[in-house]
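# Survey of secondary and tertiary structure
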Amino acid sequence: MKNDAATIGINVDRRPENVMKSENHRSTTTMALAMLVLAAANICFVAVSASAQILKPGEIIYSRVPTVPGQNCSTASIWVVGQDGSNDRFITNGLHPRISPDGRLILFKRFDPNTLCNPFFNGQPEWWIRDLTTRQETQIALNFGIAFGHFFSPETNRADKQITTDDVNGLCTMKLDGSSRVCTGIPTLDPIRNPGHMGVRGGDNLIVVENYDNTPAGGLYTLNYNDLLNRQKIPNTNFGDVNPSWSNDGQTIAYATTNVLNRGQAGPFVNLFKINPDGSNKTQLTFLNNLPVGEGFYHSLVWTPDNSTILNAAKINGVTGIYKISANGGGILGTIPISAGAPPEWVGGIAPAYSEQQIASFGGGVTSSGNYTLVDTIGQAFAGQTSSGGTYNLQSGFWTNLANRPPRADFDGDGRSDVSVQRPGDGSWFAIRSSDGGTFTNTWGNPGDVTTPGDFDGDGKTDLAVYRPSSGQWFVLRSSDSSVMIASWGNPGDV
């Protein structure tokens, strides 16, 4: 396949004037002025202010249909809203956004303004990336075929495979700037003859993809990210099972079913299910019957961080909205309120937790004629900027994703920290469970012990643990089976 996608254009801001004025009034400076002095080279580095557009952790990114139905896609728009419906706000024009694992970038589509807006069937999309820290938009490609699914790799520094998409009858990968595009199609992907809407699992980057093929081979498949090998059909899935999405813990796949006679691969879809990658524990999540054509679930299923709920844009009983569906088979839980306007048609992701630090790495820098260039740094930092007259402009910070960092004291295993104290005088522990508001008390340790709670048995719950400096011993009360673990590590007096 061709490897010819490249950076094509840059657009700093495509927002309506009234939205820009309102947002600029609300925005605050996200980087303070800072000065770093490198005494040995007598070079001054200044971090400049920039107006960022950072999403708050837990916010939902989604897109709305064009404001003028039946026209082109130019007025389709991308928005962000809190899970409680708060702070619903416009980001840019476009469709089908995905957010990068570090919360900094969004990948989205725009379409030829001379064609009617039918996002899955009206021709090749323009692919864009928006940097939320700078509001800069870069068109990275326009020669893709029809795409139902697209994702960032869970690690956005994966060399030449930072983005993956489906593309008509193939799967493609490319860099963040659209270069190094490689597509693999049939017959290389056999028995996957019509792949679509893949999802990528964190950790091992295992892909799940639909095979929309009216043969016994139709259904859901898993395959390797790097080489697209080890293609395994998920048992108990069939032709018409579409739109798969990994849970955040990588243990479960949510997907939709479609009526292959009158809905097809484009949907809307009839009901939602979940299944394990080995085909076990198949569970129906919604129970909608006799939906009129044109109603149902749309593309892109998004799990909430605690894996309790699945979000999807849908039209049900005449109401289009962002629906919440219980991941435990409890059916539809309700909708997330959004502001008036065009209806939603895609939920693209949930903003991760993040941290931003103003860190400069001088490794890899080169000097020439008194100018200093940072050739490369760790993460998403200041690579490629140059200095003039001894002044260096740092345009962004170092980003790390904290979404997978476990809470400090989670005694009930619900993924949230519990309010807790330990009384050194008598070794008593007291906690309020965040899951149900109940209280937890226990006694573990002696006066003089150092509290060291942690998940030592890997069950997702914090274990009571202390370190005894007088003997160099550790005492752990395992939450999984209430057994005791004693380990000697350290010398008397260590802390």
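Below, the structure is looked at part by part. (Residues numbered from 1 in each chain as written. Predicted model: local features only at pLDDT ≥ 70, side-chain atom pairs only at ≥ 80, totals over all residues. Heavy atoms only, no water.)

Along the protein, the regular secondary structure elements total one helix and 40 strands. The proportion of buried residues among the 495 residues of the protein is 48%. Per element, the accessible surface of the protein, about 22,400 Å² overall, is 52% carbon and sulfur. (Helix = DSSP H or I, 4+ residues; strand = E, 2+ residues; numbered from the N terminus. Buried < 20%, exposed > 50% of the residue type's maximum accessible area, 1.4 Å probe, protein only. Areas by Shrake-Rupley, 256 points an atom, 1.4 Å probe, with all protein chains shown as cover.)

Another aspect to go through is the packing of aromatic side chains. Counting across every chain of the model gives five aromatic pairs. Note on Tyr 467 and Trp 474: the rings are 5.1 Å apart at their centroids and 50 degrees apart in plane angle, and the pair reads as tilted. You can call Tyr 467 buried: its relative accessible area is 4%. A cation over an aromatic ring shows up here: Arg 64 above the ring of Trp 79, its NZ or CZ 4.2 Å from the ring centre. The ring of Phe 151 has Arg 98 sitting right over it, with the charged end atom 4.2 Å from the ring centre. (Phe/Tyr/Trp six-rings, centres within 6.5 Å; stacked < 30°, edge-to-face > 60°. Lys NZ or Arg CZ within 6 Å of the ring centre and 35° of its normal.)

Our focus in this paragraph is the pattern of salt bridges. For the structure shown, the criterion picks out nine salt bridges. As a salt-bridge pair, Arg 64 and Asp 88 come within 2.9 Å of each other at their nearest N and O atoms. Remark: Asp 88 occurs in the loop between strand S5 (77–81) and strand S6 (89–93) and Arg 64 occurs in strand S4 (residues 60–64); sequence separation between them is 24 residues. Each member of the pair, Arg 64 as well as Asp 88, is classed as buried. Salt-bridge contacts for Asp 436 lead to Arg 433; the nearest nitrogen and oxygen are separated by 3.1 Å. Taken together, the shared-partner salt bridges in this structure form one network comprising Arg 110, Arg 130 and Glu 137. (Salt bridge = Lys/Arg side-chain N within 4 Å of Asp/Glu carboxyl O.)

Moving on to the sheet that holds strand S16 (residues 207–211). The strands that make up a sheet pair up through hydrogen bonds in the backbone, lying either parallel or antiparallel. Strand order in this open sheet of four strands is S15-S16-S17-S18, and the pairing throughout is antiparallel. In this open sheet, the two strands that pair with only one neighbour each are strand S15 (195–200) and strand S18 (232–233). Pairing of S15 with S16 involves four bridges; the strand directions are antiparallel. Bridged to Val 200 within S16 is Ile 207. (Pairing = 2+ DSSP bridges.)

So, on to the layout of surface pockets. In this structure, the second largest pocket occupies an estimated 540 Å³ of space. Contributing to the lining of the second largest pocket are 24 residues, with Val 65, Cys 117, Pro 119, Tyr 298 and Glu 345 lying nearest its centre. (1 Å grid on protein atoms, 1.4 Å probe; cavity = no way out; pocket = protein on both sides within 12 Å on 5 of 7 lines; lining within 4 Å. Points joined across faces, edges and corners; volume = space filled by probe spheres on them.)

What follows deals with the pairing of strand S25 (residues 309–316). Most of S25 sits out of view: seven of its eight residues are buried. Sheet analysis places strand S23 (residues 296–297) next to S25, joined by two bridges and oriented antiparallel. Counted as the bridge partner of Gly 296 is Lys 315 from S25. The pairing of strand S24 (residues 302–303) with S25 spans two bridges and is classified as antiparallel.

If you walk through the whole model with that rule in mind, you get two disulfides. The disulfide partner of Cys 73 is Cys 117, and the S-S distance across this bridge is 1.9 Å. Note on the Cys 73 and Cys 117 pair: the S-S dihedral is about 100 degrees, so by sign convention the disulfide is right-handed. Of this pair, Cys 73 sits in the loop between S4 and S5 while Cys 117 sits in the loop between strand S8 (105–110) and strand S9 (126–131), placing them 44 residues apart in sequence. Among the residues examined, Cys 73 registers a relative accessible area of 7% and is labelled buried. According to the relative accessible area criterion, Cys 117 is partly exposed, its value standing at 22%. The disulfide partner of Cys 172 is Cys 183, and the gap between their sulfur atoms is 2.0 Å. Its torsion about the S-S bond being 110 degrees, the disulfide of Cys 172 and Cys 183 is classed as right-handed. You can see Cys 172 sitting in strand S13 (residues 170–174) and its partner Cys 183 sitting in strand S14 (residues 182–185), a full 11 residues away along the chain. Taking relative accessible area as the criterion, Cys 183 reaches 8% and is therefore assigned buried. (Disulfide = S-S within 2.5 Å.)

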